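# Overview (structure and organization)
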Amino acid sequence: MAILNMSKTLFKSLFHGPYTTLYPLKEKDKYERTRGKIEIDMPQCIYCGMCQRRCPTGAIQVDKASVSWGIDRLKCIQCGYCSEVCPKKCLSMDNHYTTPSYGESKDKFTNA
Amino acid sequence: MSERTVIPFGPQHPVLPEPIHLDLVLEDETVVEAIPQIGYIHRGLEKLVEKKDFQQYTYVAERICGICSFMHGMGYCMSIESIMDVKIPDRADYLRTIWAELSRMHSHLLWLGLLADAFGFESLFMHSWRLRERVLDIFEETTGGRVIFSVCDIGGVRKDISSETLKKINESMDIIEKELTELTAVFFKDSSVKYRTKGVGVLSKQLAHDLGAVGPMAKASGLPFDMRTQGYAAYKYLKFEPIIDTDGDSYARTTVRIKEIFQSIDLIRQAISLIPEGEIKTKVVGNPNGEYFTRVEQPRGEVIYYAKANGTKFLDRVRVRTPTFANVPALLETLKGCSLADVPILILTIDPCISCTER
C-alpha cells in the first residue's frame, strides 16, 4: 500500500525533528581522526625541513637561521604527509578546523 | 522538414553540478543532434606530475574528482605499485576494498538524489542525501575526511581501521540497508519516477558496445562489464556478480545503480568478515621505472590509469581515461530523438563528472 508507506515516512519526518545541527549554536562532533589543521610542538622542532620538502602544495616554510616554522593555512590541504615524515614527531593533526579568514592566513612560530 | 533551432544547454544549468555545454539542435521539441563542448574546468592535473614527485602526486590524483576521490588515488597507487613490483599487505587490500565500496555507495546515493531533484521530486532528493550522510560519517571516522581521504598510499594504506570500528561499520550497514530499502521502494514503485524514466533514452546493447559505454550505462544495456571481476585489491576473495539489466533506458540505469548500492553493502560485509590481521603498508624504496595500465571500476564505470616512469622521482606521464569521457558518445546517441524536457534526465543518467573528464 503506497499510501501507508507514504504516511509512515511522513509521520516519521514530522516527529523526528531536524537531522541537521544548528551550526553556530551547536557544533558538530569531531572524530578523533578528523583532519582539521596541522599543529606544531615548537620546542621539539630541529628545523630539518623535511616537512617543507615533502609538502605537496608548498605550504610550509622552515627557516633555520631565524629558528622559525611557518604555514600558509589556505595552501594547506590537510593531507598529513608532513606529520608522517617529521623525524621528531613534533607535527600533529588537530581535529579542529582553522577559523575562517579574509585574505591571507599565515601562521609563524618561532623558538625564542 | 520543419525549421531547426539551436538551443544552448549549459554550462550553467540547474541540473548540472558541473559545467558542460551542449548545443541542442531541435526540430520542434525533438532533439535531432547534440554538440558537446567541454573545457570549462580544466586544471592541468596530468601536467602536474612533472612538478610533484611520485609520492606527492598521490594527493593530487585524489583531487581529480570530489566523488570518487578514493578510487583515483587507488588507481594511481596500483599503477605505481605494479611498476615497482610492490606487493601490498592483504589487510591493506581489504581496507582499500572497504573504502572503495563505501565510495560507490556515497556516489550512487548522491546520484539518486540528483536524479530525484532533476525531475522535481525534492523530498526524495533530501532523503537520499540524508542517507548519504551516514556513509560520509563513516569516512570521517575512519579516514579523517568526508570527501578527500588521503589514506591510500603507494605500498598500502596510511590508516588502519580497528576491529571495534569495523563492527560499528557493520552495524551502520544494517541501518543503511533498512533505510535504503524504504527509500528505493519509491524509485521502484512510484509512478511519477517511472513516467519520467521508463523508455527514455534507450541505448541498445549493440550501440552501447560500439560506442564504448562503461559502468552502469553499459550494464543497463546488458553488457556485463565490471572491472572488479578482474580481481584487483580484495575483490578476488569476494563473491559477486556484475549487475545487469536489459532494457537500456533511464529506468534500467537507475535500478542498476540502486542494486549496486545493495551489492556494495554485501561486499563490505564480506570484506569485514574476511579481513586478516597484519601490516597495512609495505615500505617502498627507490624510484619507479617502466610503464603500466591499471583498470579500476569506479561508481561511474571503468577508469584507466596509465603511468610512465623514467627511474627518477618525477614521472614522465600520467594519463587518466575517466568513465564520463567514455560515456559521452553514448549520451549523444541517446539524446537524438528525445524531447527537450528529457535532456536533463538523460544527461544525469550517465552520472556526469566533468572535473574528472577535464582534469
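Check the entry above for the structure.
Described below are features of the structure shown in this document. (Residues numbered from 1 in each chain as written. Chains lettered and ligands numbered in written order. Predicted model: local features only at pLDDT ≥ 70, side-chain atom pairs only at ≥ 80, totals over all residues. Heavy atoms only, no water.)

### A look at the sheet that holds strand β8 (residues 315–321) of chain B
Residue and element names in this part refer to chain B. Strand order in the open sheet formed by three strands is β6-β7-β8, with antiparallel pairing between adjacent strands. One side of each edge strand has no neighbouring strand; the edge strands of this open sheet are β6 (289–298) and β8. Ignoring which end each strand starts from, the neighbouring axes of this sheet average 10° apart. Bridge analysis of β6 against strand β7 (residues 301–310) gives ten bridges, and the strand direction is antiparallel. Of the residues in β7, the one forming a bridge with glutamate 291 is lysine 308. (Pairing = 2+ DSSP bridges. Helix = DSSP H or I, 4+ residues; strand = E, 2+ residues; numbered from the N terminus. Axes fitted to C-alpha atoms, helices over the stretch in contact; angles between N-to-C directions.)

### Structural notes on the interface of chain A and chain B
At the junction of the two partners, chain A supplies 21 residues and chain B supplies 24 residues. Buried area between chain A and chain B, summed over both chains or domains, comes out near 1,900 Å², and the portion from carbon and sulfur atoms is 41%. On the chain A side of the interface with chain B, the three residues burying the most area are Tyr31(A), Arg33(A) and Arg35(A), jointly 35% of the side's total. At the surface where chain A touches chain B, the tally comes to five salt bridges. We note a salt bridge from Glu182(B) to Lys8(A), for which the minimum N-O separation is 3.8 Å. One can count 18 residue pairs in polar contact (both at pLDDT 80 or more) joining chain A with chain B. The set of elements that each furnish at least two residues to the side of chain A that touches chain B consists of α1 (2–16), α2 (50–54) and α3 (81–85) of chain A. The element best represented in the side of chain A that touches chain B is α1(A), accounting for four residues. Split into classes, the residues belonging to the side of chain A that touches chain B amount to eight nonpolar, five polar and eight charged. (Contact = heavy atoms within 4.5 Å. Buried area = accessible area lost by both parts, 1.4 Å probe. Salt bridge = Lys/Arg side-chain N within 4 Å of Asp/Glu carboxyl O. Polar contact = N/O pair within 3.5 Å; in protein donor to acceptor, adjacent residues only side chain to side chain. Nonpolar A, V, L, I, M, F, W, Y, C, P; charged D, E, K, R; others polar.)

### Overview of the pattern of salt bridges
Residues and elements named next belong to chain B. For the structure shown, the criterion picks out 36 salt bridges over all chains. Measuring nitrogen to oxygen at the nearest pair gives 2.7 Å for the salt bridge that ties lysine 168 to glutamate 141. Placement of the pair is lysine 168 in helix α5 (residues 163–189) and glutamate 141 in helix α4 (residues 122–143), with a sequence separation of 27 residues. Note on lysine 168: relative accessible area 42%, which makes it partly exposed. In this structure, lysine 219 engages aspartate 226 in a salt bridge whose closest nitrogen and oxygen atoms are separated by 3.4 Å. Residue lysine 219 is classed as buried on the basis of its relative accessible area of 0%. Residue aspartate 226 is classed as buried on the basis of its relative accessible area of 2%. When salt bridges with common partners are traced through the structure, they connect Glu101, Arg104, Lys219, Asp226, Arg228, Glu260 and Glu297 into a single cluster. (Buried < 20%, exposed > 50% of the residue type's maximum accessible area, 1.4 Å probe, protein only.)

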